[in-house]
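# Commentary on secondary and tertiary structure
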Amino acid sequence: MKHIAILGSTGSIGRSTLDIVATFPERFSVVSMAAGNNVELAFEQARRWQPQIVSMASAEAAGQIQDKLKQAGLNQAIEVAYGSAGSVRVATHTDADFVVSAIVGVAGLEATYEAVKAGKTVGLANKECMVAAGDLITAEARRQGKPLLPIDSEHNAIHQCMRGGRRNEVQRVWLTASGGPFLNTPPEDFATITVEQALNHPTWKMGQRITIDSATLMNKGFEVIEACRLFDMPPSQVSVLVHPQSTIHSMVEFVDGSLLAQLSVTDMRLPILYALTYPDRIESNLRFPVHELRHLDFSPPDLERFPCLRLAYEAVEAGGGKTIALNAADEVAVAAFLEGAISFQEIPATIKVVVDATQARIPESISEVLQVDADARGRARERIRHLGPKEPVAPTSWATWRK
């Protein structure tokens, strides 16, 4: 029996993880959960799985779920906590064998790092942790002798393909990108892109931020950074291919020219199951319909149309505070776009200004990471305040942005 702690239990990855637990109750149990502010769903999960501790994002939400647990007669059996300290308690619970890190953004960074430090095996579905503090997390995992198992479908695919050869035989990894909803949109139309259009992803059903990041290809940029740090590879060996069908999740190219590709259904339960059962594989009903496979399209990404991907490559090349600022500025800019405060084009423009203003010095602790993150968020918010609502002041040409 593997005992699981879930950081982000009410999100899509958390819910999919609980589906896996429900499917294989003889293999998995839930000992601790951290949720956001969705009290109703967190309570239903707590009542169903009865973990030893539930943590909410805020004190108010914690008080509400505490009342509900008391009414259900479960307040003595389930402890309630809140905030970052509560998430850390969930992640480092004594009985937890495996921690699913799925809190969106840097909110889950400290808990993820402390889980690794406590010697837990961690399944990473939060790419922001690796973008902001990948060097610290991977170094600690090496000290603990514990694997970091990727749950993101692309990195999970790379992990699977790399089992086909030795690490020193790997020449390159290829991350595939659907291209998002604007793959074929003329650049002159980007100024009028609406929130509704940007949230209409052609392949995956995801949360709002990651869906917008997929529309700008920043999500793929984050995945490039995560791949560099998870697999200890320079950016020059991590390439992106636009693959609209999303059939191949990633590929690994070996020194002899061989390519191994991973294909599967577009269902996050499969990479979650892989991580939870690694190094074994167990039978599931998550089958890919091979007979429906007709054609596979590939093309290089257009970095002029999607400058966020270029920004990510530049940030990981520089390292240190640059990648922290990249993530922080993106989170603020995406939130502003969703609120109607800035245009779609202003997302990369805002990110570039903030990253350029941030030093590349490598933080030596999580607290330093969080300070760089806070400074970058402040810069992003200040810039957005001066823009006014939906004013695409930045030119559309990446060549002009670079000046």
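Read on for a plain summary of the structure. From a predicted model like this one, the values you see are computed outputs, not experimental measurements.

### Considerations on the pattern of salt bridges
- Going through the model one piece at a time under the given rule, you end up with 22 salt bridges.
- The partner of Glu140 in a salt bridge is Arg143, with the nearest N and O atoms 2.7 Å apart. Note that Glu140 and Arg143 are positioned in helix α6 (residues 127-144) at a spacing of 3 residues, about one turn of the helix.
- A relative accessible area of 58% means that Arg143 is categorised as exposed.
- The salt bridge involving Arg209 is made with Glu331; its shortest N-O contact spans 3.2 Å. Of this pair, Arg209 sits in helix α9 (residues 208-216) while Glu331 sits in helix α13 (residues 321-338), and the two are 122 residues apart along the sequence.
- Relative accessible area serves as the criterion here: at 11%, Arg209 is assigned to the buried category.
- Residue Glu331 is classed as partly exposed on the basis of its relative accessible area of 24%.
- Taken together, the shared-partner salt bridges in this structure form one network comprising Glu128, Arg209, Asp213, Asp330, Glu331, Asp373 and Arg377.

### Structural notes on unusual backbone geometry
- Cis geometry marks the peptide bond from Tyr278 to Pro279, where omega comes out at 10°.
- In this fold, Pro279 is placed in the loop between α11 (269-277) and α12 (307-318).
- Although it is not a glycine, Asp232 adopts a positive phi angle of roughly 55°.
- Tracing the backbone through its elements, the reader meets Asp232 in the loop between α10 (218-230) and β9 (238-242).
- With a relative accessible area of 64%, Asp232 lands in the exposed category.
- Here Ser246, not a glycine, exhibits a phi torsion of approximately 55°, which is positive.
- Tracing the chain through its elements places Ser246 in the loop between β9 and β10 (248-254).

### Looking at the sheet that holds strand β8 (residues 170-177)
- Pairing in this open sheet of 4 strands is mixed, and the strands run β9-β8-β10-β11 from one edge to the other. Every other strand in the sheet has two partners, leaving β9 and β11 (259-263) as the edge strands with one partner each. The sheet shows a mean angle of 20° between the axes of neighbouring strands, taken without regard to direction.
- Across 5 bridges, the pairing between β8 and β9 is parallel. When the sheet's bridge partners are listed, Trp174 is paired in β9 with Ser239.
- Helix-sheet contacts for helix α7 (residues 153-162) involve β8, β10 and β11, and the interaxial angle to β10 is about 40°.
- Most of the contacts of α10 go to β8, to which it runs at about 155°, and overall it touches β8 and β9.

### Brief notes about helix α15 (residues 366-387)
- Taking 1.5 Å per residue, 22 residues should reach 32 Å; α15 reaches 32 Å between its end C-alpha atoms and fits that length.
- For α15, every residue scored as buried is listed here: Ile366, Val369, Val372, Asp373, Ala376, Arg377, Ala380, Arg383, Ile384 and Leu387. End-on, the buried residues of α15 take up no more than an arc of 140°, which puts them together on one face. In α15, the exposed residues that point more than 90 degrees away from the buried face are Ser367, Arg385 and His386.
- Residues of α15 that are buried in the fold lie against α5 (109-117), α6, α13 and α14 (346-356).

### A closer look at a nonpolar patch on the surface
- Taken together, the side chains of Leu263, Leu293, Leu296 and Phe298 make up a nonpolar region of the molecular surface, amounting to roughly 290 Å² of accessible area.
- By the secondary structure assignment, Leu293 is in the loop between α11 and α12.
- What makes Leu293 partly exposed here is its relative accessible area of 35%.

How each quantity is defined
Residues numbered from 1 in each chain as written. Predicted model: local features only at pLDDT ≥ 70, side-chain atom pairs only at ≥ 80, totals over all residues. Heavy atoms only, no water. Salt bridge = Lys/Arg side-chain N within 4 Å of Asp/Glu carboxyl O. Helix = DSSP H or I, 4+ residues; strand = E, 2+ residues; numbered from the N terminus. Buried < 20%, exposed > 50% of the residue type's maximum accessible area, 1.4 Å probe, protein only. Pairing = 2+ DSSP bridges. Axes fitted to C-alpha atoms, helices over the stretch in contact; angles between N-to-C directions. Contact = heavy atoms within 4.5 Å. Expected span 1.5 Å × (residues − 1). Arc of directions from axis to C-beta. Patch = residues over 30% accessible without salt bridge, like charges linked within 9 Å, V, L, I, M, F, W, Y side chains within 5 Å. Areas by Shrake-Rupley, 256 points an atom, 1.4 Å probe, with all protein chains shown as cover.

That's the geometry; what it means functionally is another story.
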